[in-house]
Amino acid sequence: TAGQPQIAAASDPAPAESSGTATSASEPGPGFTLPHPKPRPAPDTLSYLESASMMSGTLESLSGLGEDGSSVGSDSEINGMSVRRTDKYGFLGGNQYSDTGEKDIRVEVARQREVKWLDMFHNWDKWIKHRFQKVKLRCRKGIPSSLRAKAWQLLSNSQELLDANPGKFEELEREQGEAKWLDIIEKDLHRQFPFHEMFAARGGHGQQDLYRILKAYTIYRPDEGYCQAQAPVAAVLLMHMPAEQAFWCLVQICEKYLPGYYSAGLEAIQLDGEIFFSLLRRTCPMAYRHLKKFKIDPILYMTEWFMCIFSRTLPWASVLRVWDMFFCEGVKIVFRVGMVLLKQMLGSVDKLREVQGMYETMERLRNIAPDAIREEVLVQEIIILPVTETLIERECNIQVRKWRESRGELTHQPGRRLHGTRAIFEHKRRAASISSGGSFSFLGSSIPPPGPLRASSSLLSLPGFHPSADPSARGQPTASAPTQSAAAPPSTLSPSPKVVSEQVTPTIPSPTANNAPRTPILESKKIMKRDGEPRRGQGTKVSQSQKRELFIQKKKKRRK
């Protein structure tokens, strides 16, 4: 059928499509054991594009697992030989296979957590509006696996997108799509978690759903197309939810959490690399000096970390905990995880002795031992690291200014990213209020509602809140500024007297709705010279009796 991938048969050898690496996975023969991915040696010098191409995934393929192309399950056999059972996450092997006994939560505790989350689901907007700190705390403790899919959709607000666009995903599926993107997607399908039972078989349901999602996104956002780093992100979502729900969750990640990450040129990830390196100087100076000494650019090691949200880097239990916090708190979690990893690997003198060059350092960064970072230790370090949204945005403004000075304007201008669930909720609430004239109805004007707000928008950035009614005159000095003695110009907003306080220009309604009149400025409070003589043009000298009368007036006002 049109638009469906022509996936090769399971017995065909898997092509090794990867720029920047020349290794190829050998085909498994009879009596083989599941191969473990071999670490790639990091070259001494890597260009930006070579580094970005290394995120294309592991080249090992399980294409010859079964002649019928079936997925490998817990008790499957391959060529007459029994394969080890999958772990509790569905992995058959590889770096993310959990072969050690992990700390299991007691059944009673797990049930209590599920009940708490179900209660939040029933009153979700109220929890986000009034008790968001509690929601954040529960996300940091870990979302129950049985409710993780629903929680991710609510945290990212993708559930609302799904409800608002019924049939849109099927409509995108029916479209033909651009051939160049479809060819690349087909080549990348077998590289996404080849040791997971959902994606092990070529042409299996996992790879088919992954193709549907990635193809639909290239049609939904033709200006962005397809980026290889989107495939593992979509695959993680597919492990937890159906294809349509995973698609809208991917849309929120690409547009709200990480805008510009997957656009042509990857300018956003380069910019965040500079932000990350600057913040690293504050959080871990030792790692910062070591990387700067060997001129290891951030883009060489953090590209796969950030764009894949550590889905290829950490043990799977840690990946899920990081994603739980990421959906709730936003991109600051990604920054924190990267800094914690560098601190763990390059944050002490003993560890730096083991990496005395660029090659050794890159090897260490690209092959993090699973036992080097335990789940609970990692999560605790992430929580206490002092990297906030404000700090990231402040550093972002600095790096954008430096970028413009050295490279010119950004060719792609992504939307302002929203830092987690609370920011998305506030953005949605503002847009709904403005479009419906809800909480901003006190403006009382016939001005058409403005466009969607950016994350940094405030009341003072809305049309009508500026001193000048003409938008073209904003930021420019007016010829005749209104004074207290001059008559105020007619306002198009006609604000209610309950909102606008006295002695405030009518064209600037008070966002705080302060109805108390301003205290009049008394002539006796004019600034005097030390010798008692009045300053030029500022009234006459105040006598002692007048000062006494003023003091008595103040006391009377305080008593009232």
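Everything below is about the structure printed above this text.
Residues numbered from 1 in each chain as written. Predicted model: local features only at pLDDT ≥ 70, side-chain atom pairs only at ≥ 80, totals over all residues. Heavy atoms only, no water.

Enquirer: How would you explain the overall build of the protein if you had to name every residue and give the values?
Expert: Along its length, the protein carries 22 helices and 2 strands. A buried classification covers 45% of the 560 residues belonging to the protein. When contacts within the protein are restricted to residue pairs at least 6 apart in sequence, long-range pairs at least 24 apart make up 72% of them. About 29,500 Å² of surface is accessible on the protein, with carbon and sulfur atoms providing 51% of the total. (Helix = DSSP H or I, 4+ residues; strand = E, 2+ residues; numbered from the N terminus. Buried < 20%, exposed > 50% of the residue type's maximum accessible area, 1.4 Å probe, protein only. Contact = heavy atoms within 4.5 Å. Areas by Shrake-Rupley, 256 points an atom, 1.4 Å probe, with all protein chains shown as cover.)

Enquirer: Summarise the nonpolar core; cite the residues concerned and give the values.
Expert: Core analysis: the biggest nonpolar cluster contains 129 residues, and Leu 237, Phe 247, Tyr 301, Trp 305, Trp 323, Phe 335 and Leu 342 have the highest contact counts within it. If we skip the residues at most four places from it in the chain, Phe 335 touches Asp 272, Ile 275, Phe 276, Leu 279, Phe 306, Val 387, Ile 392 and Arg 417. (Core = buried A, V, L, I, M, F, W, Y, C linked by side-chain atoms within 4.5 Å.)

Enquirer: I'd like to hear about the packing of aromatic side chains, residue by residue, with values.
Expert: Counted according to the given criterion, the structure contains 24 aromatic pairs. Feature note: the residues Phe 276, Tyr 301, Trp 305, Phe 306, Phe 310 and Phe 335 constitute an aromatic cluster, connected by ring pairs. Geometry around Trp 403 places Arg 407 over its ring, the cationic atom sitting 4.0 Å from the centre. (Phe/Tyr/Trp six-rings, centres within 6.5 Å; stacked < 30°, edge-to-face > 60°. Lys NZ or Arg CZ within 6 Å of the ring centre and 35° of its normal.)

Enquirer: Residue-level account of the pattern of salt bridges, with values.
Expert: Summed over all chains, the structure comprises 21 salt bridges. Across the salt bridge formed by Arg 417 and Glu 393, the nearest N and O atoms sit 4.0 Å from each other. Of this pair, Arg 417 sits in the loop between helix H20 (389–407) and helix H21 (421–436) while Glu 393 is found in helix H20, placing the two residues 24 residues apart along the sequence. Comparing Arg 417 with Glu 393 shows no difference in burial state: the two are buried. (Salt bridge = Lys/Arg side-chain N within 4 Å of Asp/Glu carboxyl O.)

Enquirer: Let's hear about unusual backbone geometry: which residues, and what values?
Expert: With a phi close to 50°, Phe 193 is a non-glycine residue in the positive phi region. Tracing the backbone shows Phe 193 in the loop between helix H8 (179–188) and helix H9 (205–220). With phi around 55°, Ile 309 is a residue other than glycine that occupies positive phi space. Inspection of the secondary structure assignment puts Ile 309 in the loop between helix H14 (299–307) and helix H15 (316–329).

Enquirer: Go over helix H5 (residues 148–156) with me, naming the residues and quoting the values.
Expert: The element H5 is extensively covered by neighbouring structure, given that 8 of its 9 residues are classed as buried. The first or second residue beyond H5 is Asn 157, which carries a positive phi of 65°.

Enquirer: Outline helix H18 (residues 358–366), supporting the account with residue identities and numerical values.
Expert: Along H18, the positions that sit buried rather than exposed are Met 358, Thr 361, Met 362 and Leu 365. With its buried residues spanning 95° around the axis, H18 presents them on a single face. If you follow the buried residues of H18, they end up packed against helix H13 (285–293), H14 and helix H16 (332–346). (Arc of directions from axis to C-beta.)

Enquirer: Which residues make up the environment of Leu 320, and what values do they have?
Expert: The topology assignment puts Leu 320 in helix H15. A residue is classified by how much of its surface remains accessible, and Leu 320, at 6% relative accessible area, is buried. Sequence-wise, Leu 320 and Glu 375 are 55 residues apart; in three dimensions their C-alpha atoms are separated by 10.0 Å. Sequence-distant contacts of Leu 320, defined by excluding residues within four places in its chain, comprise Tyr 89, Arg 148, Trp 152 and His 240.

Enquirer: Outline the packing of helix H4 (residues 132–141) against H15, supporting the account with residue identities and numerical values.
Expert: At a closest axis distance of 8 Å, the pairing of H4 and H15 adopts a crossing angle of 160°. Taken as axis vectors, H4 and H15 run roughly antiparallel relative to one another. For the crossing formed where H4 meets H15, the hand is left-handed. Across the interface between the two elements, Phe 132, Lys 136, Cys 139, Arg 140 and Lys 141 of H4 pack against Arg 321, Asp 324, Met 325, Cys 328 and Glu 329 of H15. Grouping the amino acids of the contact of H4 with H15 by side-chain chemistry returns 4 nonpolar, no polar and 6 charged. (Axes fitted to C-alpha atoms, helices over the stretch in contact; angles between N-to-C directions. Parallel < 35°, antiparallel > 145°, perpendicular 65-115°, else oblique. Left-handed = near helix turned anticlockwise from the far one by under 90°. Nonpolar A, V, L, I, M, F, W, Y, C, P; charged D, E, K, R; others polar.)

Enquirer: Which residues make up the side chain of Thr 303, and what values go with them?
Expert: Relative to the helices and strands, Thr 303 is located in helix H14. One polar contact links the side chain of Thr 303 to the main-chain carbonyl oxygen of Ile 299, over a distance of 2.5 Å. (Polar contact = N/O pair within 3.5 Å; in protein donor to acceptor, adjacent residues only side chain to side chain.)

Enquirer: So what about the packing of H14 against H16? Which residues, and what values?
Expert: H16 packs onto H14 with a crossing angle of 135° between their chain directions and a minimal axis gap of 10 Å. Viewed along their axes, H14 and H16 adopt a mutual orientation that is oblique. As for the relative orientation of H14 and H16, their crossing is right-handed in sense. In contact with Tyr 301, Trp 305 and Phe 306 of H14, H16 contributes Val 334, Phe 335, Gly 338, Leu 341, Leu 342 and Met 345. When its residues are assigned to classes, the contact of H14 with H16 shows 8 nonpolar, 1 polar and no charged.

Enquirer: Any chance you could break down a positive patch on the surface for me, citing the residues and the numbers?
Expert: Side chains of Lys 554, Lys 555, Lys 556, Arg 558 and Arg 559 sit close together on the surface and give a patch of like positive charge. Structurally, the position occupied by Lys 556 is in helix H22 (residues 544–559). Owing to a relative accessible area of 51%, Lys 556 belongs among the exposed residues under this scheme. (Patch = residues over 30% accessible without salt bridge, like charges linked within 9 Å, V, L, I, M, F, W, Y side chains within 5 Å. Lys, Arg positive; Asp, Glu negative; His and termini not counted. Charge placed at Lys NZ, Arg CZ, Asp CG, Glu CD.)

Enquirer: Describe the environment of Lys 343, and please don't skip the residues or the numbers.
Expert: Tracing the backbone through its elements, the reader meets Lys 343 in helix H16. We classify Lys 343 as partly exposed; its relative accessible area is 36%. Distance from Lys 343 to Glu 381, taken between C-alpha atoms, is 9.9 Å for residues 38 residues apart in sequence. The contacts of Lys 343, once residues within four sequence positions are left out, are Cys 284, Lys 351 and Glu 381.

Enquirer: Which residues make up the side chain of Asp 87, and what values go with them?
Expert: By the secondary structure assignment, Asp 87 is in the loop between strand S2 (81–82) and helix H2 (107–122). By relative accessible area, Asp 87 is classed as buried at 9%. There is a polar contact of 2.9 Å between the side chain of Asp 87 and the backbone nitrogen of Gly 90. Within the local environment of Asp 87, its side chain forms a polar contact with the backbone nitrogen of Phe 91, the two atoms lying 2.7 Å apart.

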